[in-house]
Amino acid sequence: MSLDYVRNPFVGIRRLTREVRIGDVGLGGANPIRVQSMTTTDTMDTSATVDQVEELADAGCEIVRVTAPSIRDAGNLRAIKAELRKRRVHVPLVADIHFTPNAALIASECVEKVRINPGNYADKKKFEVREYSDEQYRAELERVAERFRPLVRRCREGGVAMRIGTNHGSLSDRIMNRYGDTPAGMVESALEFLDVCEEEGFRDVVFSMKSSNAQVAIQAYRLLAARLEERAGGAPSYPFHLGVTEAGDGEDGRVKSAIGIGSLLEDGIGDTVRVSLTEDPVREVPVATALARRTEARWAEDAECATAPLELDAPFVPDPYAHERRATKTLSLGGLDVGGAEPVRVEIDLGAIPADPAGAAARLGTSLGLVSEVSCEGLLFAATDASAIQRLPALGTALSRVGVELPVAVRVPAAAVPDCVPGCDRAEGVARLVVEVDVETVPEALRNAASAAAEAGVPLEWCLRASPDEIPGLVDSALAAGVSAAFSVESPRANHAARALAARLRAVGADAVPVVLRHRRNADAGDDRALLDAAIDLGAPLCDGIGDAVSLAGFADPGRAVDLAYRILQGARLRTTRTEYISCPSCGRTLFDLEETTARIKERTEHLKGVKIAVMGCIVNGPGEMADADFGYVGSGPAQVNLYVGKEVVARAVPEAEAADRLVELIRDRNRWLE
Ligand code: SF4
């Protein structure tokens, strides 16, 4: 499988892109990753829109998008621009266009960039099922090209950039019938429009491939990067705008965005970022900025490795354009089954075995009790000598007393194994021995650890604490030492290290060995940044199909770490433990207060584990964009809502005051309600 989407999957090297100018702001090339957002005001309300653009610019937003749903709205962009100039706000504006080519032409006269959606620029979505012959398909393409060409010419002549922004949920019927709602269909949809741009000699183009499903977004961006690379043949290609659409709000919205956007940035893909949250758009800016700055720091550091990148004999996943979990064997690790078809497990690493087991157990019991809706599945403690390990039975008793009955694993540096071996042999209840290995570890220590674990009858996990390029050698040394139940990596480059581990295990025929993904919270990071880091470190490999368990360390509140782990698993679509909300960020088309409505619906439905509920601001894009939601609540007119089951509208023009009750009734009628 071609890995043309990435320059090296084990190092963060930026994709080669050409610079596209958005007014005074350069995008792509050597420019910083640009932060952008979108207004939520009515575009006809000049003063409210200008105020919000100004607020966004003050918050650090470098490009602002404004919806232009009609010719009138598009015309009003000129007044908005003039008022912004008066206030000396020079942030470039992007007109967001769906369905209205004429509005695009008008908008292109006064903004720096136009965003079009290839799924609906010249097509109305009718959900029609139809077979296209090649000739009919070509005729359709020609019709679309004729509609699109005038805008391309206008942009080329006016120095206006364009984003070809494909959304998973709004592919045209033509694409759906030929490709389905697949990443391949998304890519094809965008390339059809690029063909017209290139025919017209217009290259100020930026792409996006958004989906509310982080996995789909990752696959589509990768596939597009690979296809563009083929076309560019090594020359700089078009820049990418990254986003996960309808990500929702709060921590879940941030986690889902970080997984999708962060995974791509780890691969060097992405030149501008918009984090879509169902919140005040100003709150999107710090999240996007944190993702951008984290990535730039890594790209700068990794540039040094670019001269001697790690090369491995086997790919890290069978297919980077589709999710397929590594096929591993199932192991019982102290009563807990891990790997195989088991769900990805959640473990908390609590540091040194406590000197005061009773006090530590009581604190842990309280903390885990606060997140009783999700269950921690394993505990990990650290030991460096036999005396620490000898406290384990007392700890086990204390944990039992507070109702915490979980497998307890112990991590020991390989060099300390000789000290710990007698203790380990005697210790009761060690579910697994996690042996820390680094480049300093001598083969004898590895052999001692392997035989100690075997003698004690305790499963052994090799925990490789190393940079990605050190991983292959450590895998070989650990395997040479004998027995191994599982592997894990603990690295500041968690994603690249996990890939290096998976690739090496595959290369040496040990592909069935389960892998534990470890994340250690950076002590200097604030809570917001810690959440993003964990989501990327764990979510990126999970989306690649790597990882049978996740283990979080360094969190002062273990319950909080467990809660975050489950949010990450749900954001990566690997384990569903709560209601999934797909809510749009709102824009000038929105027909109700999305933040307030989403909060109200959440309050009534957040106990419905596994049910997907979409809350969408408008009927124009909402039904298409709500993806695979089970139920939809979509604004259909002022104070009116349409309710959906899947893609089917089942109640129209429901008064907003009754709509939440009707939604609950609908969920009950479909037997998805729980008391
Ligand atoms: S679905 Fe939401 S964000 Fe999308 S166009 Fe409609 S109101 Fe705007």
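Sequence order sets the numbering: in each chain, residues are counted from 1 along the sequence as written. Confidence filtering applies because this is a predicted model: local features only for residues at pLDDT of at least 70, side-chain atom pairs given and counted only at 80 or more, and all residues used for totals across whole chains, interfaces and linings.

## Quick word on the site of the ligand
Turning to step 1, where the next piece is worked out: Contact assignment follows one rule, namely that a residue is near a molecule or strand if its backbone-placed C-beta atom lies within 6 Å of it. Taken together, the neighbourhood of the ligand is formed by 13 residues, with Cys584, Cys587, Gly617, Cys618 and Asn621 sitting nearest.
Turning to step 2, where the next piece is worked out: Each residue gets one of three labels, nonpolar for Ala, Val, Leu, Ile, Met, Phe, Trp, Tyr, Cys and Pro, charged for Asp, Glu, Lys and Arg, and polar for the others, Gly among them. Here the shell around the ligand is composed, by residue class, of 6 nonpolar, 5 polar and 2 charged.

## A short note on the sheet that holds strand 14 (residues 378-382)
Turning to step 1, where the next piece is worked out: Paired strands are those between which DSSP finds at least two bridges. For helices the rule is a DSSP run of H or I covering at least 4 residues; for strands it is a run of E covering at least 2, with both sets numbered from the N terminus onward. Reading around the barrel, the 8 strands line up as 13-14-15-16-17-18-19-20 and close back on themselves, with parallel pairing between neighbours. Neighbouring strand axes in the sheet, compared pairwise and without regard to direction, differ in orientation by 25° on average.
Turning to step 2, where the next piece is worked out: Examined bridge by bridge, strand 17 (residues 460-465) and strand 18 (residues 486-490) share 5 bridges and lie parallel to one another. Looking across to strand 18, one finds that Cys463 is bridged to Ser488.
Turning to step 3, where the next piece is worked out: Across the sheet, helix 16 (residues 494-507) is in contact with strand 17, strand 18 and strand 19 (515-520); its angle to strand 18 comes to roughly 150°.
Turning to step 4, where the next piece is worked out: This entry defines residue contacts through backbone-placed C-beta atoms, with two residues in contact when those atoms are within 7 Å. Here an angle of 0 to 180 degrees is reported between the N-to-C directions of two axes, which are lines fitted to C-alpha atoms, with helices fitted over the stretch in contact. Helix 18 (residues 558-571) rests against strand 13 (345-352) and strand 20 (549-553) of the sheet, and its axis sits at about 150° to strand 13.

## Considering the pairing of strand 7 (residues 161-167)
Turning to step 1, where the next piece is worked out: The buried fraction of strand 7 is high, at 7 of 7 residues.
Turning to step 2, where the next piece is worked out: A two-sided burial pattern is seen for strand 7, the buried positions comprising Ala161, Arg163, Gly165 and Asn167 on one face and Met162, Ile164 and Thr166 on the other.
Turning to step 3, where the next piece is worked out: Pairing of strand 6 (residues 113-116) with strand 7, which is carried by 4 bridges, proceeds in the parallel orientation. Of the residues in strand 7, the one forming a bridge with Arg115 is Arg163. Each residue is classified by how many other C-beta atoms fall within 10 Å of its C-beta atom, where C-beta atoms are placed from the backbone; a count of 20 or more means buried, 12 or fewer means exposed, and values in between mean partly exposed.

## Notes on helix 18
Turning to step 1, where the next piece is worked out: Taking 1.5 Å of rise per residue, the 14 residues of helix 18 would be expected to cover 20 Å, and the 20 Å separating its terminal C-alpha atoms lies within 8% of that figure.
Turning to step 2, where the next piece is worked out: Burial analysis of helix 18 places 13 of its 14 residues in the buried class, the great majority of the element.
Turning to step 3, where the next piece is worked out: Looking one or two residues beyond helix 18, the residue adopting positive phi is Arg573, at roughly 65°. To estimate the expected span of a helix, count its residues, drop one, and scale the result by 1.5 Å.

## As for helix 19 (residues 594-605)
Turning to step 1, where the next piece is worked out: Between its first and last C-alpha atoms helix 19 spans 16 Å; for 12 residues at 1.5 Å apiece the expected length is 16 Å, and the two agree.
Turning to step 2, where the next piece is worked out: Within helix 19, burial applies to Leu594, Thr597, Thr598, Ile601 and Thr605. All buried residues of helix 19 fall inside an arc of 100° around its axis, so they share one side. For helix 19, the exposed residues lying more than 90 degrees away from the buried face are Glu596 and Glu603.
Turning to step 3, where the next piece is worked out: Buried-residue contacts for helix 19 involve strand 21 (580-583), strand 22 (612-616), strand 23 (631-637) and helix 21 (656-669). The arc in question is the one traced by the directions running from the helix axis out to the C-beta atoms.

## Quick notes on unusual backbone geometry
Turning to step 1, where the next piece is worked out: In this structure, Arg573 is a non-glycine residue whose phi angle is positive, near 65°.
Turning to step 2, where the next piece is worked out: Looking at the element boundaries, Arg573 is found in the loop between helix 18 and strand 21.
Turning to step 3, where the next piece is worked out: For Arg573, a count of 18 C-beta atoms within 10 Å translates into the label partly exposed.
Turning to step 4, where the next piece is worked out: With a phi close to 60°, Asn671 is a non-glycine residue in the positive phi region.
Turning to step 5, where the next piece is worked out: For Asn671, the location among the structural elements is in the segment after helix 21.

## Digging into the nonpolar core
Turning to step 1, where the next piece is worked out: To count as a nonpolar core, a set of buried Ala, Val, Leu, Ile, Met, Phe, Trp, Tyr and Cys residues must be joined through C-beta atoms within 7 Å. Judged by nonpolar contacts, the single largest core of 184 residues is most densely connected at Ala95, Ala107, Val114, Val435 and Leu501.
Turning to step 2, where the next piece is worked out: Mapping this core onto the domain boundaries places at least three of its residues in each of domain 1 (20-307) and domain 2 (331-570).
Turning to step 3, where the next piece is worked out: Setting aside anything within four residues of it in sequence, one finds Val435 in contact with Val412, Ala414, Val417, Ala449, Leu460, Trp462 and Cys463.
Turning to step 4, where the next piece is worked out: Core analysis: the next-biggest nonpolar cluster, separate from the first, contains 27 residues, Ala614, Val620, Tyr633 and Ile667 among them. Residue ranges for the domains originate in an automatic or database domain assignment.

## Some remarks on the domain arrangement of the protein chain
Turning to step 1, where the next piece is worked out: Under the domain assignment used here, the protein chain contains domain 1 (20-307), domain 2 (331-570) and domain 3 (580-669).
Turning to step 2, where the next piece is worked out: Every contact between the two is made by 14 residues of domain 1 and, on the other side, 12 residues of domain 2.
Turning to step 3, where the next piece is worked out: Contributing elements (two or more residues each) for the side of domain 1 that touches domain 2: helix 7 (214-232), helix 8 (250-266) and helix 9 (284-302).
Turning to step 4, where the next piece is worked out: Examining the composition of the side of domain 1 that touches domain 2, we find that 9 residues originate from one element, helix 8, more than from any other.
Turning to step 5, where the next piece is worked out: Residue composition of the side of domain 1 that touches domain 2, grouped by class: 7 nonpolar, 3 polar and 4 charged.

## Points about the sheet that holds strand 23
Turning to step 1, where the next piece is worked out: Within the open sheet, the 5 strands sit side by side as 21-22-23-24-25. Their pairing is mixed. Of all strands in the sheet, those with a lone pairing partner are strand 21 and strand 25 (648-655), marking the two edges. For this sheet the average axis-to-axis angle between neighbouring strands, irrespective of direction, equals 20°.
Turning to step 2, where the next piece is worked out: Both strand 24 (residues 640-645) and strand 25 contribute to a ladder of 5 bridges, which runs antiparallel. Looking at the pairing, Leu643 lines up with Ala651 of strand 25.
Turning to step 3, where the next piece is worked out: Helix-sheet contacts for helix 19 involve strand 21, strand 22 and strand 23, and the interaxial angle to strand 22 is about 160°.
Turning to step 4, where the next piece is worked out: Sheet contacts for helix 21: strand 23, strand 24 and strand 25; angle to strand 25, the most-contacted strand, approximately 150°.

## Comments concerning the pairing of strand 24
Moving residue by residue along a regular strand, the side chains alternate between the two faces of the sheet.
Turning to step 1, where the next piece is worked out: Of the pairings in the sheet, the one linking strand 23 to strand 24 comprises 6 bridges and is antiparallel in character. Each bridged residue has a counterpart across the sheet, and for Gly635 the counterpart in strand 24 is Val641.
Turning to step 2, where the next piece is worked out: Connecting the antiparallel pair strand 23 and strand 24 is a turn made up of 2 residues, with Ala639 showing a positive phi of about 55°.

## Focus on the packing of helix 16 against helix 17 (residues 527-543)
Turning to step 1, where the next piece is worked out: At a minimum axis separation of 8 Å, helix 16 and helix 17 run at an interaxial angle of 30°. Taken together, helix 16 and helix 17 sit at an angle that is classed as roughly parallel. Two packed elements cross with a definite hand, and for helix 16 against helix 17 that hand is right-handed. Contacts from Ala494, Asn495, Ala498 and Arg499 of helix 16 reach helix 17 at Ile536, Asp537, Ala540 and Pro541. In these notes the angle categories are as follows: under 35 degrees is roughly parallel, over 145 is roughly antiparallel, 65 to 115 is roughly perpendicular, and the rest is oblique. The sense of a crossing depends on the near helix, which, turned anticlockwise from the far helix by less than a right angle, makes the crossing left-handed and, turned clockwise, makes it right-handed.

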